[in-house]
Amino acid sequence: MSWSIGPRDALVIVDVQNDFCPGGTLAVADGDAVVPLANALARRFPIVAATQDWHPAGHASFASTHGAEPFGTIELDYGTQVLWPDHCVQGSPGAEFHSDLDLDRVQCVLRKGWNPAVDSYSGFREADRATSTGLEGYLTERGAERVFLCGLALDFCVAWTAIDARAAGFDVVVVEDACRAIDLGGSLEGALAEFDERGIARCRMADLS
Ligand code: VGL
Ligand code: ZN
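Residues numbered from 1 in each chain as written. Chains lettered and ligands numbered in written order. Predicted model: local features only at pLDDT ≥ 70, side-chain atom pairs only at ≥ 80, totals over all residues. Heavy atoms only, no water.

J.: Explain the site of ligand 1 to me, please; I cannot follow it from the model alone.
T.: Every residue lining ligand 1 is accounted for by Asp15, Phe20, Leu26, Asp53, Trp84, His87, Tyr121, Leu152, Ala153, Phe156, Cys157 and Ile182. Here a nitrogen atom of ligand 1 sits 3.1 Å away from a polar atom, N or O, in the side chain of Asp53. For ligand 1, whose unbound accessible area comes to 260 Å², protein coverage reaches 100%. Here ligand 1 occupies the largest cavity. Residue composition of the shell around ligand 1, by class: nine nonpolar, one polar and two charged. (Near = heavy atom within 4 Å. Polar contact = N/O pair within 3.5 Å; in protein donor to acceptor, adjacent residues only side chain to side chain. Areas by Shrake-Rupley, 256 points an atom, 1.4 Å probe, with all protein chains shown as cover. 1 Å grid on protein atoms, 1.4 Å probe; cavity = no way out; pocket = protein on both sides within 12 Å on 5 of 7 lines; lining within 4 Å. Sits in = over half its atoms within 2 Å of the grid points. Nonpolar A, V, L, I, M, F, W, Y, C, P; charged D, E, K, R; others polar.)

J.: What should I look at first to understand empty space enclosed by the protein in this one?
T.: Taken as a whole and judged by the stated rule, the model has one cavity of 30 Å³ or more. Along its surface, the largest cavity is lined by 14 residues, and Phe20, Leu26, His87, Tyr121 and Cys157 are the ones closest to its centre. Of the residues belonging to the lining of the largest cavity, the class tally is nine nonpolar, two polar and three charged. (Points joined across faces, edges and corners; volume = space filled by probe spheres on them.)

J.: Got a minute to help me understand the coordination of the zinc ion (ligand 2) in this structure?
T.: Expected angles at a metal are 109.5 degrees for tetrahedral coordination by four donors and either 90 or 180 degrees for octahedral coordination by six donors. Those donors, Asp53 (OD), His55 (NE2) and His87 (NE2), are the protein atoms that reach the zinc ion (ligand 2), and they lie 2.0 to 2.2 Å from it. Coordination at the zinc ion (ligand 2) is irregular: its four donor atoms span angles of 88 to 172° at the metal. Sequence spacing among the residues donating to the zinc ion (ligand 2) works out to D-x1-H-x31-H. Linking His55 in the loop between strand 2 (47-53) and strand 3 (73-76) with His87 in the loop between strand 4 (79-82) and strand 5 (108-112), this pair joins segments that are 32 residues apart in sequence. Taking relative accessible area as the criterion, His55 reaches 0% and is therefore assigned buried. (Donors = N, O, S within 2.8 Å, 3.2 Å for Na, K, Ca; no water. Tetrahedral: all angles 85-135°; square planar, octahedral: opposite > 155°, others 65-115°. Helix = DSSP H or I, 4+ residues; strand = E, 2+ residues; numbered from the N terminus. Buried < 20%, exposed > 50% of the residue type's maximum accessible area, 1.4 Å probe, protein only.)

In structure tokens:
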């Protein structure tokens, strides 16, 4: 299948930040490999947004906040939360975009996870599943009808962003080779199954024209 990029197509670059790249506190294997691909994509889309994971110190998603070990889970008001190493702390170097990520064509930076009590894997809706981030409104006002996604991590923030983009009524295409996954307890397989179930398409860089 070949996908041709048109004026109603938006690219959302998800969480291409130092803490998700090798050397970061929540490094995704080979995470920095997505940087040149995200840059190449950004040059081809008329509408480009980027999400930035942006947590205050002591965030509810940090294992350290609960005196627990990372990668377990805890029950919060809004449901089950995976506990992560401290990452993307507001203002820290780990929260910055990868220094080779080209932001020249990024027209909107959407920060998420800023509420100390509520996580947000999704760029559209926080983990309470109720609080909107405003990204849907931004993309709609810009005239977007279809959303392409790339970035980190495929099985968490890319997946949740894709699912919520679809729920908002956008056509959604995940550019799979421009993503990398964490793959925690079957999360990658689960995300790919959700994509199929919800009509979220997957493509590769070479399929775009
Ligand atoms: C992410 C875990 C915690 C992601 C963000 O960007 O996929 N994963 N916060
Ligand atoms: Zn996070």
